[in-house]
Every structure is written in C-alpha cells, then in structure tokens.
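# Breakdown of the fold
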Amino acid sequence: MEPNALTLTNLRLSTTCSTKFPRDQNQTNTPKSYAQIPKRSPGPVSKGLQKDSKKDLSRILRTDAAIKGIARKANSRKYTQLWPKAVLEALDEAIRENQWQTALKIFGLLRQQHWYDARCQTYTRLLVMLGKCRQPEQASLLFEILLSEGLRPTVDVYTALLSAYGQSGFLDKALSTLDDMKSVSECKPDVYTYSILINCCTKFCRFDLIGQILAEMSFLGIECSTVTYNTIIDGYGKAEMFELMENTLTDMIESETCLPDVFTLNTLVGAYGNSGQIEKMEKWYDEFRLMGLKPDIKTFNILIKSYGKAGMYEKMRSVTDYMEKRFFSPTTVTFNTVIDVFGKAGNIERMDAYFKKMKHQGIKPNSITYCSLVRAYSKVGLITKVDSILRQVENSDVILDTPFFNCIISAYGQAGDVEKMRELFLEMKERECKPDNITFATMIQAYHAQGMTEAAEKLANKMIATKKSTGTRLIGH
DNA sequence: GTCGGTAATC
C-alpha cells in the first residue's frame, strides 16, 4: 500500500448509524432516459446535410418529424448515397442514449433501405438496449423480426434476449430462452449467459435458483468467472444477506482462478455502507487495499454516500479532501451525492454551497442534481427556491426526465399549488416524458389533500386509460 | 453479450 493511502480505520470518528436501507424496488416500465427531444424545430434536413456536424445531424434525426422526412427522402435516388452514414449514426446515438422508441423507429427505417444488410450484431445491440429500458415485449417482437429475416441468431443475440426477459422479471421466459439455446448447437450458453441469468435471479430475490444454476454450469463444464462471483456477491449484498455474501467471497478466493477486483471491493464496501455498517465497510476497504486493490471514483462516491447517510460529515469531508489531494476529479455523481446528503439532512446552506461549487468547477448539473435540490427545498417549505430551480431548468438544455417531474410535481402538490402541478403535468408531455405510476400517485394524493376528490378520481381513470394504450408496435415486418 | 456509484411517490 502506498504511504499516502486513505486508511479508513484510522479515520474512525463517531459511528452512530443503524438506518435500514430500502431494497431495490422493481422498476416501472419507464425507460431510464426516455426520448428527450430538444424543443427547437429540427429545421430542413435536406439542405446542407453534409455540412452539419455529426452531433447536429443525429439530433435532427432524433425527432419524429425528421424521421418521417428521411422516410420520404429515402425514395429519392439523389439521397440514397447519403443515408447509410446518417441513418447508422443516428441509430448508434439512439442506442447509446437508451432512447428505445427512437432507436426502433430508426431501425424500422433502416430495414427499408435498399442497402440494408441484416446483421445479428445490430439486433444484439438493440436487444441489450431494450433490456436496459425494461421492454421485454419489444425485445420479443424484435427477435421475431430477426427470425423473419432469415438470420440465424448467435449466442450474443440469445443472451441479449434472455437478459431482456430476465431484467424485467420474466424469469420463466429467460429460462425457456436458456433451454432454446441448449438445443441449438452453435448457441450453447456460456459463462456470460449464466452470469446474466444469476444477476436477474438476484434482482428478483430468487436466491433459491442460484445453487441450481451453479450446478448446471458445473455439469456443463462452464467455470465461474470473476464477474459471476461479483454478481452473486452483489446480489447477496443488496439483499443484506451478509453471511452468504462473505461465504461467496471465500469461495471466490479459494477458487484461485478468480481474484477479487475493484468491482468486488466496491460491491462489499457498498453493501456494508448502504446498510449503515460503517465499521465493516471500513474493515473491508482496508482489507482490499492490503490485497493491493486500488479504489476508483466509484469507490469514493460509495464512501461519500455511506458516510453521508450515517451523518458522518467529517469522514465524508476526509474522502473529498483525499480525492482532491490525489487528483481524483469529482464527477457529476460525486457532487450529486454530496448535494443529496446535505439536502436530506435539511442543511440547505451546505447544499447550496456545494451546488455553487459544482457550477464553479464547470460540472454541469443534471436532472438528478435538480431532483435533490427541489426535494430539499420542498421539504423545508422553500417553494420560492423551487420556482427558481424551475426557471433555471427551463432556460437550460438539461434533459429532464420523469423522476424530475415527479419530484417537482410533488413539491408543488405539497405547497398546495394545484395549478402549477397541472402545468407541469402538461409540460411532461411536451418534453416527451411519460407519466408513470408515481406521477399519478403523487398528483392524486395532492388532490385529495386539497379536498379535490373529483379531480383525484378523474385522474385515476386517466391513469387506467393510459395503461391500456401501451404496447404499441414500433417496427413492422 | 456479463458485475460496482447519484434523484422521484408514501
């Protein structure tokens, strides 16, 4: 260990912490970063296309109107030489940003081009994205399309499909995909497939399946990798099954083929830190440091969050100081974490100071930053500060998402400003943010609090209607 | 094609 290393056990101050952390809840169907389309008009696509920077071009291609424009122009021979690069880059960007609806529309367009060459790799990337966005039905449709094109799915395709099912909790579907794989000679499941499957099982608390899966792997002669162990350790850690977590770590070390890495470190530190067991967190941090593992930015962010949650602000400070000394630049996540800690503690002054520092250091706040700020101001009744945040956000190019709207709608709801709440609900639509169960629950509760029973019921009905209209098919055969 | 860090409801 280098002499300057941060040794947590030496920093130990007061440890009064026994907060229970909520488990990961099953996520809603809302994609993490839902299609965020800039408000300004996309402008003409045809002229000066090549002059546009790549970035601008893909922004243009992102809008529905522009996609229709491309669809029309695609028939014109004049443009056919131009499209491959433009369309493929737009697809790349949509996938990268997890904008699944846009990505599927562009893919639909791509398939209509005369130069289109069906590839499994494209399907894999789309399936992985759909998995991340919790869109198992779309993944299933996409797989059908792949088959209809006469492509032979690869292991990657099957694994991505299995992952899309599993991440949404369709474990039966994931397992039947696994069976399909076993019956195709070139698509036998491998350590990737099984690691993903284990991850899905732990996310849905099916710890009972882990033993069977490991037995099957062993039967098929597939050895666990570091990732497999890390996945299991993380699963137990998030479920606060600490004994099984440590047993798995022991198995990992005893395997002698899979050594702990920085993922293992962060997983253990995070598991104990999150559950308020600060001493164990520090013990494991030091232990891994002695094994020669180096912390990374994520380690520091985990430590900051854990200390903050435990109210150990001096230790939190010692981590940020250490980072500064060692030239670990704080990221957006670091600032967001600190801002959230002070916000939750009701320390508006220190929160504001950090927000200022963040902007001063040239780190752009994002939707998460504003969420923490709004929640904190709302909690202490500073609704004028919420107004100011809203103005800031509206005048910036920050991409807003459903959680942000949920947060600010709740703030105005609690302040009794029903009119503002409605305005924001409409703005969600403009910004292409889908209201989810939380949005509706928040608004219904606010209406009830104001004695507006009728409005609450009306909205509840609207919610049911909205739910029914999901499941649209974005790409056809 | 696999693992770890940040926000929203009550």
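Owing to the predicted nature of the structure, the values given are computational and were not obtained by experimental measurement.

This part takes up the overall build of chain A. Counting secondary structure elements, chain A contains 25 helices and 0 strands. Evaluated residue by residue, chain A yields a buried proportion of 47% over its 477 residues. In chain A, 66% of the contacts between residues at least 6 apart in sequence involve partners at least 24 apart. Looking at chain A as shown, the accessible area adds up to about 24,500 Å², and 53% of this sits on carbon and sulfur atoms.

Attention now moves to the confidence of the model for chain A. Caution is warranted with low-pLDDT regions, since their predicted coordinates should not be read in detail. Counting all residues, the mean pLDDT for chain A is 85, and 80% of those residues have values of 70 or more. In this model residues 9-62 is a low-confidence stretch, pLDDT under 50, and it forms 98 contacts with partners more than four residues away in sequence or in other chains. The low-confidence segment residues 74-82 (pLDDT under 50) makes 9 contacts with residues lying over four places distant or belonging to another chain.

Once that is clear, we can look at the packing of helix H19 (residues 348-360) against helix H20 (residues 367-379). Put simply, H19 and H20 touch, their axes get as near as 11 Å, and they point 155° apart. Considering their axes alone, H19 and H20 lie roughly antiparallel with respect to each other. Every pair of crossing elements has a handedness; the one defined by H19 and H20 is left-handed. From H19, Ile-348, Met-351, Asp-352, Phe-355 and Met-358 reach across to H20, where they touch Thr-369, Tyr-370, Ser-372, Leu-373, Ala-376 and Tyr-377. Grouping the amino acids of the contact of H19 with H20 by side-chain chemistry returns 8 nonpolar, 2 polar and 1 charged.

With 13 residues, helix H17 (residues 313-325) extends 18 Å between its outermost C-alpha atoms, agreeing within 8% with the 18 Å of an ideal straight helix rising 1.5 Å per residue. Among all positions of H17, only Lys-315, Met-316, Ser-318, Val-319, Thr-320, Tyr-322 and Met-323 are buried.

Looking now at the protein's contact with DNA strand B. Taken together, 48 residues sit near DNA strand B, with Asn-266, Asp-296, Asn-301, Asn-336 and Gln-445 positioned nearest. Sugar and phosphate atoms constitute 41% of the interface atoms of DNA strand B, taking the interface as everything within 4 Å of the protein. One of the side-chain N or O atoms of Asn-230 is found 2.7 Å from a base oxygen in DNA strand B. Between DNA strand B and Gln-445 there is a distance of 2.4 Å, counted from a phosphate oxygen to a side-chain nitrogen or oxygen. Ranked by the residues each element gives to the surface near DNA strand B, the list is headed by helix H10 (residues 191-203), at 6 residues. Of the residues contributing to the surface near DNA strand B, the split by class is 15 nonpolar, 20 polar and 13 charged.

Now for the packing of helix H21 (residues 383-394) against helix H22 (residues 402-414). How two helices sit against one another is set out by the angle between their axes and by the gap between those axes. Here H21 crosses H22 at 145°, and the two axes come no closer than 10 Å. Viewed along their axes, H21 and H22 form a crossing whose handedness is left-handed. Contact residues: H21 offers Ile-383, Val-386, Asp-387, Leu-390 and Val-393, while H22 offers Phe-404, Ile-408, Ala-411 and Tyr-412.

Bringing the side chain of Thr-122 into the picture now. Mapped onto the elements, Thr-122 comes out in helix H6 (residues 120-132). Residue classification places Thr-122 among the buried residues on the basis of a relative accessible area of 15%. Those residues in contact with Thr-122, other than ones at most four positions away along the chain, are Leu-91 and Phe-107.

Let us now look at unusual backbone geometry. Residue Cys-205 is not a glycine yet carries a positive backbone phi of 60°. You can see Cys-205 is positioned in the loop between H10 and helix H11 (208-220). Its identity as a non-glycine residue notwithstanding, Glu-256 has a phi of 65°, on the positive side. Relative to the helices and strands, Glu-256 is located in the loop between helix H13 (242-255) and helix H14 (262-274).

A few words on the packing of aromatic side chains. Tallied over the full model, the rule gives 14 aromatic pairs. Residues Phe-404 and Phe-405 carry aromatic rings whose centres are separated by 5.9 Å and whose planes lie at 75° to one another, so their mutual orientation is edge-to-face. For the residue pair Phe-404 and Phe-405, the accessibility class agrees, reading buried in each case. Consider the rings of Phe-425 and Phe-440, whose centres lie 6.0 Å apart with planes at 65°: the pair is edge-to-face. Placement of the pair is Phe-425 in helix H23 (residues 418-430) and Phe-440 in helix H24 (residues 437-449), with a sequence separation of 15 residues. Clustering of aromatic rings is evident, with ring pairs tying together Tyr-313, Phe-335, Phe-342 and Tyr-354.

What follows covers the state of the cysteines. With the rule as written, the count across this model stands at 0 disulfides. Sulfur of Cys-433: no disulfide; nearest cysteine sulfur belongs to Cys-371 and is 11 Å away. A residue is classified by how much of its surface remains accessible, and Cys-433, at 2% relative accessible area, is buried.

Take H24 next. Taking 1.5 Å per residue as the helical rise, H24 with its 13 residues ought to reach 18 Å, and the 18 Å between its terminal C-alpha atoms agrees with that figure. For H24, every residue scored as buried is listed here: Thr-439, Phe-440, Thr-442, Met-443, Ile-444, Ala-446 and Tyr-447.

Here the focus is the environment of Ala-103. With respect to the helices, strands and loops of the structure, Ala-103 is situated in helix H5 (residues 100-112). Note on Ala-103: relative accessible area 0%, which makes it buried. A sequence separation of 23 residues divides Ala-103 from Leu-126, and the C-alpha atoms of the two residues are 7.8 Å apart. Once residues within four sequence positions are removed from consideration, Ala-103 is found in contact with Leu-91, Ala-94, Ile-95, Leu-126 and Met-129.

Bringing the environment of Gln-138 into the picture now. Counting through the fold element by element, Gln-138 comes out in helix H7 (residues 136-148). Under the relative-accessibility criterion, Gln-138 is labelled buried at 6%. Taking the C-alpha atoms as reference points, Gln-138 and Gln-101, 37 residues apart in sequence, are found 9.7 Å from one another.

Criteria and thresholds
- Every chain begins its residue count from 1, and numbering advances along the sequence as written.
- Labels follow written order: the first chain is A, the first ligand is 1, and so on.
- Per-residue local features are limited, in this predicted model, to residues with pLDDT of at least 70; the limit for side-chain atom pairs, both in listing and counting, is 80 or more; totals at the level of whole chains, interfaces and linings are taken over all residues.
- To obtain the side-chain values, all non-hydrogen atoms of the structure were used and water was disregarded.
- Every helix listed is a DSSP run of H or I at least four residues long, and every strand listed is a run of E at least two residues long, numbered separately from the N terminus.
- Only protein chains enter the accessibility calculation, which uses a 1.4 Å probe. A residue is then buried if its area is under 20% of the maximum for its type, exposed if over 50%, and partly exposed in between.
- Contact criterion: two residues are considered in contact whenever any of their non-hydrogen atoms come within 4.5 Å of each other.
- To be clear on the numbers: accessible area is Shrake-Rupley with a 1.4 Å probe, and residue cover counts the displayed protein chains and nothing else.
- Looking at any residue, its pLDDT shows the predictor's confidence there, from 0 to 100.
- Comment: axis = line fitted to C-alpha atoms, over the contacting stretch for helices; angle = value between 0 and 180 degrees taken between N-to-C directions.
- Note on angle classes: values under 35 degrees are labelled roughly parallel, values over 145 roughly antiparallel, values of 65 to 115 roughly perpendicular, and the remainder oblique.
- For a crossing to be left-handed, the near helix must be turned anticlockwise from the far one by less than a right angle; the clockwise case is right-handed.
- Amino acid classes used here: Ala, Val, Leu, Ile, Met, Phe, Trp, Tyr, Cys and Pro are nonpolar; Asp, Glu, Lys and Arg are charged; the rest, including Gly, are polar.
- To estimate how far a helix should extend, the number of its residues minus one is multiplied by 1.5 Å.
- Residues are classed as near a molecule or strand on a simple rule: at least one heavy atom within 4 Å of it.
- Polar contact is the term for a pair of N or O atoms within 3.5 Å; when the atoms are in protein, one must be able to donate a hydrogen and the other to accept it, and sequence-neighboring residues count only if both atoms are side-chain atoms.
- The rule is short: rings of Phe, Tyr and Trp, with Trp giving its six-membered ring, pair when the centres are within 6.5 Å, and they are stacked under 30 degrees, edge-to-face over 60, tilted in between.
- When the sulfur atoms of two cysteines come within 2.5 Å, that pair is taken as a disulfide.

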